[in-house]
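Next come the chains, spelled out residue by residue.
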Amino acid sequence: MLLSAMDTRNFTFMFYGFLAAWLIVLIYIVSLARRGARLKKELEQVRNLVSSKHP
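Figured I'd write up the structure that's included with this text.

Conventions and cut-offs
- Note that residues are indexed from 1 along each chain, following the sequence as it is written.
- Residue-level local features of this predicted model are given only where pLDDT is at least 70; pairs of side-chain atoms are given and counted only at 80 or more, and the full residue set underlies all totals for whole chains, interfaces and linings.
- Values reported for side chains reflect all heavy atoms of the structure, with hydrogen atoms and water molecules removed beforehand.
- Helical segments are the DSSP runs of H or I of at least four residues, strand segments are the runs of E of at least two, and each set is numbered from the N terminus.
- Note on exposure labels: buried denotes an accessible area under 20% of the residue type's maximum, exposed denotes more than 50%, and partly exposed covers the range between, all computed with a 1.4 Å probe on protein chains only.
- Working definition of accessibility: Shrake-Rupley area with a 1.4 Å probe, residue cover restricted to the visible protein chains.
- Nonpolar side chains (Val, Leu, Ile, Met, Phe, Trp, Tyr) are joined into patches within 5 Å and like charges within 9 Å, using only residues with over 30% relative accessible area and no salt bridge.
- Salt bridge, as used here, is a side-chain nitrogen of Lys or Arg placed within 4 Å of a carboxyl oxygen of Asp or Glu.

Of the regular secondary structure elements, the protein holds one helix and zero strands. For the protein, buried positions account for 0% of its 55 residues. Summed over all atoms, the accessible surface of the protein reaches about 5500 Å², with 72% contributed by carbon and sulfur.

Turning next to a nonpolar patch on the surface. A surface patch of nonpolar side chains, amounting to about 900 Å² of accessible area, comprises Phe 11, Met 14, Phe 18, Trp 22, Val 25, Tyr 28, Ile 29 and Leu 32. Looking at the secondary structure, you find Tyr 28 in helix H1 (residues 2–53). Its relative accessible area of 52% is what places Tyr 28 among the exposed residues.

As structure tokens, this is what we get:
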């Protein structure tokens with residue numbers, strides 16, 4: 001009986017551990033995507049600035 005209770009607890013901790021790991025990965029990916037979009041926008045602004053200065 002004790003063994004089945006420990007098994008359930010272990011799966012619960014494993015579930016929350018995997019959930020935390022996936023949330024960290026997801027937040028990191030979203031952060032990279034936002035940074036990439038910001039850099040793309042800034043690069044476009046620089047291109048427009050350079051093309052407007054050179055006729």
